[in-house]
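Structure at a glance
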Amino acid sequence: MSSLSVSAPKDCRTSCPKCGEETAPENPSPDGGLCLGCFRASLFGKFKLAVTANSMISPSDNVLVAFSGGPSSRVALQFVHEMQCKAQKNFDASRDRALPVFGVGVAFIDESSVSSITSDEVREVIREIGAIVSVLAPPVKELHVGVLESACFAGSDDGRERLSGLLGTIGDVTGRDDFVRHLRMLSLQKIALENGYNRLVLGLCTSNIACHVISATVKGQGYSLPADVQYVDGRWEVPVVFPLRDCPSRELSLLCQLDGLKTQRFLDRPSSGINGLVSSFLARLQEENPSRERTIVRTAEKLTSFSFNKIPETESNDILAARRRRRAQSAKREEPIHSEVLCPVCSSPLDLSESQILKTVLRSCPTRDKAFAAHCCQSCNFQILPNESLNFSDFYSLLPQPMMERARDIASANQAWLR
């Protein structure tokens, strides 16, 4: 026994379980021991499957990619660019050129008014983002830069002061963080509508959705939770799609590191309140078991989705095979379509009890501010809307016009229903 010994191998190279190629030990090891090529192909395969299976992008579409500077939005922009390049090559090689090439634009929202980033730093970031977008050509992509306060308070000269006063009326830290996220979506929708885009691509990944599942459960948003965990969100005038829903943030960050994709990490605003606690909690769970995030999302997938969680039917893209597959699947399982009443602040669908409260309040001919509060979901009433009447009056007077218009539209529909 003394003559037996175990010698370490001179070369610690491992082979990829998919293609058999050897990977060097000094290189970062992707998840599952895959080589760089197979690892990248695996992520792109998840992205492409989500796009084709849910008919997210068709040849006639004009797609706007929301770019925040993080790894998720950077990978989403890169993959959309690669799909566009392939479509352009097929278009050039085709004789009849029946299928056009979808357009791509990039949107960046300047949130310096609600963060500690200076204006000089934001200008430098916009310059670097412009350099990133210019490299992704041909086809040429236009960069749209929106300012949070200007998009929400269009036509107002004191937008920054109004936004600061509006956020000052929200006492809850979590509610303030969620309200900024709702304003960001309004800004992206405004850019998309003004520039003729009919799809909005967000880089939300498995990790982001897992955090939202737990935080929404804690906030009492269980009824509206299925609307936020699907591949498509059609509640908005410009439908929102999430092609990276099946990709964890750890893998996306690793891909940016291996492919040399430049990101802007210091732009990330740290979450606060319940959102920050949930993020740190999931980070600790990931250390114990890296598949926890996917397990959370897979559990939330079992919830029944809403009628707006799909791309609206159009005649322009019926020729696509993905459209035919989806139409065949929907024919097998027909579901009744219900019109949902949406919260004017967070766009969450109201449950039956909230809808009954709304109808009861509208019968009493309330004031505009009380009618607006009745239109909001219970979570927004608890976390975002001020409790004191004086603060609520200030809050209502400073609200962005799209939120007030949505409440008025819902009120008109309910009055017609009552008649």
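I will try to describe carefully the structure that is included in this document. (Residues numbered from 1 in each chain as written. Predicted model: local features only at pLDDT ≥ 70, side-chain atom pairs only at ≥ 80, totals over all residues. Heavy atoms only, no water.)

Here we look at the overall build of the protein chain
To keep things clear, this is the line we draw: A run of DSSP states H or I qualifies as a helix once it reaches four residues; a run of E qualifies as a strand once it reaches two. Both are numbered from the N-terminal end. Between buried and exposed lies partly exposed: a residue is buried under 20% and exposed over 50% of the maximum accessible area for its type, with that area taken using a 1.4 Å probe on protein chains only. Only the protein chains shown count as cover for residues, with accessible areas throughout obtained via the Shrake-Rupley method and a probe of 1.4 Å.
What the protein chain contains, in helices and strands, is 17 helices and 8 strands. For the protein chain, the proportion of its 419 residues judged to be buried stands at 47%. Summed over its atoms, the accessible surface of the protein chain is roughly 21,600 Å², and 53% of this surface lies on carbon and sulfur atoms.

Concerning the pattern of salt bridges
Operational definition: Just to be clear on terms, a salt bridge is a Lys or Arg side-chain nitrogen sitting within 4 Å of an Asp or Glu carboxyl oxygen.
As enumerated under the stated definition, the model contains 18 salt bridges in all. Residue arginine 235 is joined to aspartate 228 by a salt bridge in which the shortest nitrogen-to-oxygen separation is 2.7 Å. The exposure class assigned to arginine 235 is buried, which follows from its relative accessible area of 12%. Of the charged contacts, one joins arginine 294 and glutamate 301 as a salt bridge, the two residues approaching to 3.3 Å between their closest N and O atoms. Judged by its relative accessible area of 28%, glutamate 301 falls in the partly exposed class. In this structure, a network of salt bridges that share partners links the residues Arg245, Asp246, Arg294 and Glu301.

Describing the sheet that holds strand β7 (residues 232–233)
Put simply, the rule is: When DSSP finds two or more bridges between two strands, those strands count as paired. Contacts: residue pairs with any heavy atoms within 4.5 Å of one another. Every axis in this analysis is a line fitted to C-alpha atoms, fitted for helices over the stretch in contact. Angles between the N-to-C directions lie between 0 and 180 degrees.
Taken in spatial order, the 6 strands make up an open sheet running β5-β4-β3-β6-β8-β7, and their pairing is mixed. Two strands lie at the open edges of the sheet, namely β5 (142–147) and β7, each paired on one side alone. In the sheet, β7 pairs with strand β8 (residues 240–241) via 2 bridges, with the strands oriented antiparallel. The residue bridging aspartate 233 from the neighbouring strand is valine 240, located in β8. The strands that helix α6 (residues 173–194) touches are β3 (62–66), β4 (103–110), β5, β6 (199–201) and β8; relative to β4, the one it contacts most, it runs at about 140 degrees.

What to know about the packing of aromatic side chains
Filter applied, for reference: Each pair of aromatic rings taken from Phe, Tyr and Trp, with Trp reduced to its six-membered ring, is defined by centres within 6.5 Å and is described as stacked if the planes are under 30 degrees apart, edge-to-face if over 60, and tilted in the remaining cases. Only when the NZ of Lys or the CZ of Arg is both within 6 Å of the ring centre and within 35 degrees of the ring normal is a charge said to sit over the ring.
One pass over the structure, following the stated rule, counts 8 aromatic pairs. Centre to centre, the rings of tyrosine 223 and phenylalanine 306 are 5.6 Å apart; their planes meet at 75 degrees, and the pair counts as edge-to-face. With tyrosine 223 in the loop between α7 (206–218) and α8 (225–228) and phenylalanine 306 in the loop between α11 (292–300) and α12 (321–332), this residue pair connects regions lying 83 residues apart in the sequence. Three or more aromatic residues joined by ring pairs make a cluster, and in this case those are Phe44, Phe47 and Phe79. Taking the ring centre of tyrosine 231 as reference, the NZ or CZ of arginine 245 above it sits at 3.9 Å.

All we've got here are geometric facts, nothing functional implied.
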